[in-house]
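# Structural overview
Now for the letters of each chain:
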Amino acid sequence: MMLDSRCRVPNCLAKPYAPAGTQSICRDHFLNFLTWRRRRGPQMFVKYAAMTMSDRDTIAAEWQKTLRVDEVPSNAPKT
């Protein structure tokens, strides 16, 4: 169940779309996370699927370190 009010990536204000460990990420970051995992090889998907949520947090944190600050969309609501 996603109870987060925003993406787990710092400075991203987008609504949660999918889980990344015990927290949630927005759609753009979810697609980036999938691409990052795919680049690590097909075994990553099998390994990730078998992990506990806390183990998935470690993988999500590792991915999050690869993001550059200027790549993080703010997705701030338009007024």
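Our subject in this report is the structure included herewith.

The next thing to look at is the packing of helix H1 (residues 27-39) against helix H2 (residues 43-50). Between H1 and H2, the least distance of the axes is 7 Å, while the angle of their chain directions is 115°. Packed against H1, whose contacting residues are Phe-33, Leu-34, Arg-37 and Arg-38, the element H2 presents Met-44, Phe-45 and Tyr-48 at the interface. Residues belonging to the contact of H1 with H2 are distributed by class as follows: 5 nonpolar, no polar and 2 charged.

Counting residues in hydrophobic clusters, the biggest one holds 19 residues, and the most contacted among them are Val-9, Ile-25, Phe-33, Ile-59 and Trp-63. Where this core is concerned, the elements lending two or more residues are strand E1 (18-20), H1, H2 and helix H3 (53-64). Considering each element in turn, this core owes the most residues, 4 residues, to H1.

This part takes up the packing of aromatic side chains. Summed over all chains, the structure comprises 4 aromatic pairs. Considering the side-chain rings of Tyr-17 and Phe-30, the 5.7 Å spacing of their centres and the 55° angle between planes classify their relative orientation as tilted. With a gap of 13 residues between them, Tyr-17 in the segment before E1 and Phe-30 in helix H1 connect regions that are remote in the sequence. Taking the relative accessible area as the measure of exposure, Tyr-17 reaches 44% and is therefore partly exposed. The rings of Phe-33, Trp-36, Tyr-48 and Trp-63 are connected pair by pair, giving a single aromatic cluster. Directly above the aromatic system of Phe-33 lies the positively charged group of Arg-37, at a separation of 5.2 Å from the ring centroid. Taking NZ or CZ as reference, Arg-37 lies 3.9 Å from the ring centre of Tyr-48, over its face.

Cut-offs and rules
- Residues numbered from 1 in each chain as written.
- Predicted model: local features only at pLDDT ≥ 70, side-chain atom pairs only at ≥ 80, totals over all residues.
- Heavy atoms only, no water.
- Axes fitted to C-alpha atoms, helices over the stretch in contact; angles between N-to-C directions.
- Helix = DSSP H or I, 4+ residues; strand = E, 2+ residues; numbered from the N terminus.
- Contact = heavy atoms within 4.5 Å.
- Nonpolar A, V, L, I, M, F, W, Y, C, P; charged D, E, K, R; others polar.
- Core = buried A, V, L, I, M, F, W, Y, C linked by side-chain atoms within 4.5 Å.
- Buried < 20%, exposed > 50% of the residue type's maximum accessible area, 1.4 Å probe, protein only.
- Phe/Tyr/Trp six-rings, centres within 6.5 Å; stacked < 30°, edge-to-face > 60°.
- Lys NZ or Arg CZ within 6 Å of the ring centre and 35° of its normal.

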